[in-house]
Amino acid sequence: MSDLGVNLRAAREDAGVSLSAMAARTHYSKPLLGLLETGKRAIKPEHVTAYARALNVSLDTLYGLPDDPLRVAHEWLVADTPAEVHSAAGRKVGATLAAKLVGRVIELRHLDDVIGGRDLFPLVRKELTSTQNVLNEASYTERTGRRLLTVVGELAQLAGWVASDAGHYAEAQRVYLSGVSAARDAGDPALAGQLLSSLSYQIANVGDPADAALLARSAVKGTEGRTTPVVRALLLERVAWASARARDRDGTQRALDAVDDSYEQRSAGVEEPEWVYWLDRKEIDVMAGRCLTELGDPLTAEPLLSGAIAAYTPSMPERWPSTRRGWPSRTPEPGYSTPRGQRSTVPARPRVE
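Residues numbered from 1 in each chain as written. Predicted model: local features only at pLDDT ≥ 70, side-chain atom pairs only at ≥ 80, totals over all residues. Heavy atoms only, no water.

With that settled, the discussion passes to the overall build of the protein. Looking only at helices and strands, the protein has 18 helices and zero strands in total. Every one of the 353 residues in the protein was classed for burial, and the buried ones make up 50%. Residue pairs in contact within the protein that sit at least 24 positions apart in sequence constitute 67% of those at least 6 positions apart. Accessible area for the protein stands at about 16200 Å²; split by element, carbon and sulfur atoms hold 52% of it. (Helix = DSSP H or I, 4+ residues; strand = E, 2+ residues; numbered from the N terminus. Buried < 20%, exposed > 50% of the residue type's maximum accessible area, 1.4 Å probe, protein only. Contact = heavy atoms within 4.5 Å. Areas by Shrake-Rupley, 256 points an atom, 1.4 Å probe, with all protein chains shown as cover.)

Okay, here's the thing in structure tokens:
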């Protein structure tokens with residue numbers, strides 16, 4: 001049962017209102033309200049508003065803490081985006097709006113660490129649509145246009161990821177591919193590779209792993225010499241996972257070795273894109289452990305996974321970034337964060353020479 005569902009039920013019961021009476025007050029059916037309160041149906045902003053009005057309580061009472069991530073997502077969903085505001089005003093788009101949109105992508109990306117795709121997808125889709133409208137209808141300089149295309153590409157990657165997380169696989173594929181076009185038009189091959197490799201991850205899980213491995217390798221080949229070390233490590237991770245799903249043991253181990261090599265080439269003098277903020281040494285160990293488990297080698301995987309689990313502290317997020325960026329969120333694990341540059345203390349994984 002979700003915390004928000006618990007809060008809805010508690011507020012109704014505190015007010016002495018039965019589920020049948022609540023249905024009459026809100027005009028929602030009794031079965032639907034029961035599903036909302038037990039967390040079996042996604043709670044939308046209009047549901048929370050209906051409860052607040054019917055029970056004469058504040059939204060704060062129902063949402064709980066002001067910084068609750070789901071409340072933040074709901075507030076974003078009902079508010080106009082900066083792109084919508086500018087579209088309504090009919091003004092020329094400048095660097096200020098582009099900077100705002102970049103900031104919103106970053107905020108949405110970090111929300112993805114704590115909110116599941118079912119709740120986040122409508123919000124990201126709304127942001128993507130409004131930004132695409134500005135790109136297609138507004139006037140702007142060439143430089144601002146490239147920034148807008150990059151924002152569209154990054155939003156498409158996030159929209160595809162959360163759509164896939166929510167089980168909307170066809171929608172995710174459509175959005176990923178539209179993002180590839182935007183990234184290419186923006187002259188951002190690393191982002192195009194990220195979009196293609198994200199799609200390969202979905203195909204590895206719900207389609208043909210051999211096709212996924214080919215797509216993931218194509219993303220690496222197409223960005224060769226045009227990516228930063230951590231980005232290349234991420235793209236190679238997707239090759240490793242698709243290869244593991246295809247039961248290609250040698251291909252998996254070669255990809256994992258290449259991940260290690262690429263990650264070790266990172267340096268403070270090389271600026272990485274914000275969208276790889278979550279990838280650190282322990283994340284790589286976790287992903288390597290899962291690949292090895294997929295290949296039926298749990299003994300080699302165990303120290304890699306247990307070393308990461310040992311880094312868990314109760315104050316850290318409840319979901320690993322790896323479950324939001326590279327592994328199914330339907331099997332969440334405890335979270336952790338490792339300072340950039342810190343090496344893992346778990347035993348080294350055997351390398352293929």
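Attention shifts here to the packing of aromatic side chains. One pair of aromatic rings is described through two measures. These are the centre distance and the angle between the planes. Evaluated as defined, the whole model comprises two aromatic pairs. With 5.4 Å between their ring centres and 20° between their planes, Trp161 and Tyr201 make a pair best called stacked. Of the two residues, Trp161 sits in helix H10 (residues 142–165) while Tyr201 sits in helix H12 (residues 189–206), which places them 40 residues apart along the sequence. The burial state of Trp161 is the same as that of Tyr201; both residues are buried. Taken together, a centroid distance of 6.2 Å and an interplanar angle of 35° make the contact between Tyr201 and Trp241 tilted. Of this pair, Tyr201 sits in helix H12 while Trp241 is found in helix H14 (residues 229–245), placing the two residues 40 residues apart along the sequence. An aromatic cluster of three or more residues is present, and its members are Trp161, Tyr201 and Trp241. (Phe/Tyr/Trp six-rings, centres within 6.5 Å; stacked < 30°, edge-to-face > 60°.)

Axis separation between helix H2 (residues 19–26) and helix H3 (residues 30–37) bottoms out at 9 Å; the angle between their running directions is 110°. Here H2 lies roughly perpendicular to H3, going by the angle between them. Facing H2, whose interface residues are Leu19, Ser20, Met22, Ala23 and Thr26, H3 presents Lys30, Leu33, Gly34 and Glu37. Taken together, the residues of the contact of H2 with H3 sort by class into four nonpolar, three polar and two charged. (Axes fitted to C-alpha atoms, helices over the stretch in contact; angles between N-to-C directions. Parallel < 35°, antiparallel > 145°, perpendicular 65-115°, else oblique. Nonpolar A, V, L, I, M, F, W, Y, C, P; charged D, E, K, R; others polar.)

A full pass over the atoms with the stated rule returns 14 salt bridges. Arg146 is paired through a salt bridge with Glu142; the nearest N and O atoms lie 3.2 Å apart. Of this pair, Arg146 and Glu142 both sit in helix H10, separated by four residues, roughly a single helical turn. Taking relative accessible area as the criterion, Arg146 reaches 37% and is therefore assigned partly exposed. One salt bridge in this structure joins Arg281 and Glu264, with 3.9 Å as the shortest N-O distance. Here Arg281, found in helix H16 (residues 281–294), pairs with Glu264, found in helix H15 (residues 249–264); they are 17 residues apart in sequence, far enough to count as distant. (Salt bridge = Lys/Arg side-chain N within 4 Å of Asp/Glu carboxyl O.)

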